[in-house]
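Residue-level structure breakdown
Listed below are the residues making up each chain.
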Amino acid sequence: MTLASATSRPAGHAPRRGGARRPPDHGAWFLVLPALIPILVLSVGPLLYGIALAFTDSQSGRTAPTRWIGGLNFQDLLHDTLFWDSFRIGLLWAVGVTVPQFLLALGLALLLHQELRFRWLARALAIVPWAMPEVVVGIIWRLVYNPDAGVLNETLHGLGLGLGDGRDWLSGLGTALPAVIVVGVWAGMPQTTVALLAGLQNTPRELHEAAAMDGAGAWRRFLTVTWPALRPVALAITALNLIWNFNSFALVYVLTNGGPGGRTRLPMLFAYEEAFRYGQFGYAAAMGCVMVAAISVILAIRLAVRLGGGEDA
């Protein structure tokens, strides 16, 4: 081949740039399938089945075939004051646990970020509640709240406060929900602490040193250096905690089983009772759909805040 023939091209044909286009790699799907199949089988599949079940009259022990009833379950749900009371209690529980959980975890994370003696031991002890199953946590705190020989009543009686003389904290109409919220804060604080501590460790130390050289005090350094770097982690873990707490079941079930008088009956507990105590599977599935919609709204608000405030929001 001569140089002229190699360099000459037919008229109207422009040289191709970047080489030939690679065909799509369909084999990459086989790498995704091991992670995708469990999600489809264990999450997406049951979710779609639950949504479909909400439009039926499915009941336990029923010999007649299940019928499609459209939105009748949702119409009944709109007028079910007990469910909306549980929904309100669920919101109170979620916010009442998430807010002090974050504030206490932030303080603990700031403390564990300091150069302390036996800091490794303090960090290990801080995550102990996180390593315990919720059922175990509930049993332990039932012993703490025991009206006759509980640690709380004995301590209050020993201090002479007059508040621990046989008081049943988990059965009182005015004390049951606050008592359960305290347990929720204690049980969920470690994971928030770990997330915030990881965010603190990623904050450049040079920024703190520069702010200190400029005369900024501890509070000023926190507002101008620590919090801007910690804000993305704080917003993410707070949104997740709000969702997790709203979906709580095992902890409250062990502590109070929704009592007394429904004062601690969270939406998940109410749906559980409708499905497995009264056998109303279709009606309970409709409750689940409402809770999924509520969680989706929280996620949408979180996404809107993130997109509206930029990547660091």
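When its secondary structure is counted, the protein shows 14 helices and 0 strands. Put simply, the protein runs from its N terminus to its C terminus through helices and strands in the order α-α-α-α-α-α-α-α-α-α-α-α-α-α. Per-residue burial over the protein gives 34% buried out of 313 residues. Surface summary for the protein: the accessible area is close to 19,400 Å², and the carbon and sulfur share equals 66%.

On to the pattern of salt bridges. Counted according to the given criterion, the structure contains 4 salt bridges. Among the salt bridges present, the one from R119 reaches E115, with a minimum N-O distance of 3.8 Å. The exposure class assigned to R119 is partly exposed, which follows from its relative accessible area of 21%. Among the ionic pairs, R265 bridges to E273, the shortest N-O distance being 3.4 Å. Classification of E273 as buried rests on a relative accessible area of 6%. Several salt bridges share partner residues, and in doing so they unite R265, E273 and R277 into one network.

This part takes up the packing of aromatic side chains. In this description, an aromatic ring pair is defined by two values, namely the gap between the centres and the angle between the planes. The full count for this structure, using the stated rule, is 17 aromatic pairs. An angle of 65° between the planes, with centres 5.7 Å apart, marks the rings of W141 and W186 as edge-to-face. Of this pair, W141 sits in helix α7 (residues 134-144) while W186 sits in helix α9 (residues 176-201); the two residues are 45 residues apart in sequence, bridging distant segments of the chain. Residue W186 is classed as partly exposed on the basis of its relative accessible area of 31%.

Another aspect to go through is unusual backbone geometry. Geometrically, the link from G259 to P260 is a cis peptide bond, its omega value of -5° lying close to zero. Tracing the backbone shows P260 in the loop between α12 (250-255) and α13 (267-277). Within the chain, F118 stands out as a residue other than glycine whose phi angle is a positive 55°. Within the secondary structure, F118 sits in the loop between α4 (81-112) and α5 (119-126). Of note in this structure, N257 is not a glycine but carries a positive phi near 55°.

What follows deals with the confidence of the model for the protein. Chain-level statistics for the protein give a pLDDT mean of 84 and a share of 89% at 70 or above. pLDDT under 50 marks residues 1-9. Its contacts with residues more than four places away, or in other chains, come to 2 contacts.

Our next topic: the nonpolar core. By size, the foremost hydrophobic cluster in this structure holds 22 residues, and its most contacted members are W93, W141, Y145, V183 and L255. Elements with a contribution of two residues or more to this core: α4, α7, α9 and α12. The element contributing the most residues to this core is α9, with 7 residues. Those residues in contact with W93 that lie beyond four places of it in its chain are V180, I181, G184, N245, S248, L251, V252 and L266.

Restricting attention to buried positions, one finds in α7 the residues V137, G138, W141 and V144. For α7, the arc enclosing every buried residue in end-on projection is 115°, short of the 170-degree limit, so these residues lie on one face. For α7, the elements touching its buried residues are α6 (128-131), α8 (151-158), α9 and α12.

All right, on to the packing of α4 against α9 then. Where α4 meets α9, the axes come as close as 6 Å, and the angle between the chain directions of the two elements is 45°. Between α4 and α9, the angle falls in the class oblique. The element α4 and its partner α9 pack so that their crossing is right-handed. Split into classes, the residues belonging to the contact of α4 with α9 amount to 21 nonpolar, 6 polar and no charged.

Reading the values: rules and limits
- Residues numbered from 1 in each chain as written.
- Predicted model: local features only at pLDDT ≥ 70, side-chain atom pairs only at ≥ 80, totals over all residues.
- Heavy atoms only, no water.
- Helix = DSSP H or I, 4+ residues; strand = E, 2+ residues; numbered from the N terminus.
- Buried < 20%, exposed > 50% of the residue type's maximum accessible area, 1.4 Å probe, protein only.
- Areas by Shrake-Rupley, 256 points an atom, 1.4 Å probe, with all protein chains shown as cover.
- Salt bridge = Lys/Arg side-chain N within 4 Å of Asp/Glu carboxyl O.
- Phe/Tyr/Trp six-rings, centres within 6.5 Å; stacked < 30°, edge-to-face > 60°.
- pLDDT = per-residue confidence, 0-100.
- Contact = heavy atoms within 4.5 Å.
- Core = buried A, V, L, I, M, F, W, Y, C linked by side-chain atoms within 4.5 Å.
- Arc of directions from axis to C-beta.
- Axes fitted to C-alpha atoms, helices over the stretch in contact; angles between N-to-C directions.
- Parallel < 35°, antiparallel > 145°, perpendicular 65-115°, else oblique.
- Left-handed = near helix turned anticlockwise from the far one by under 90°.
- Nonpolar A, V, L, I, M, F, W, Y, C, P; charged D, E, K, R; others polar.

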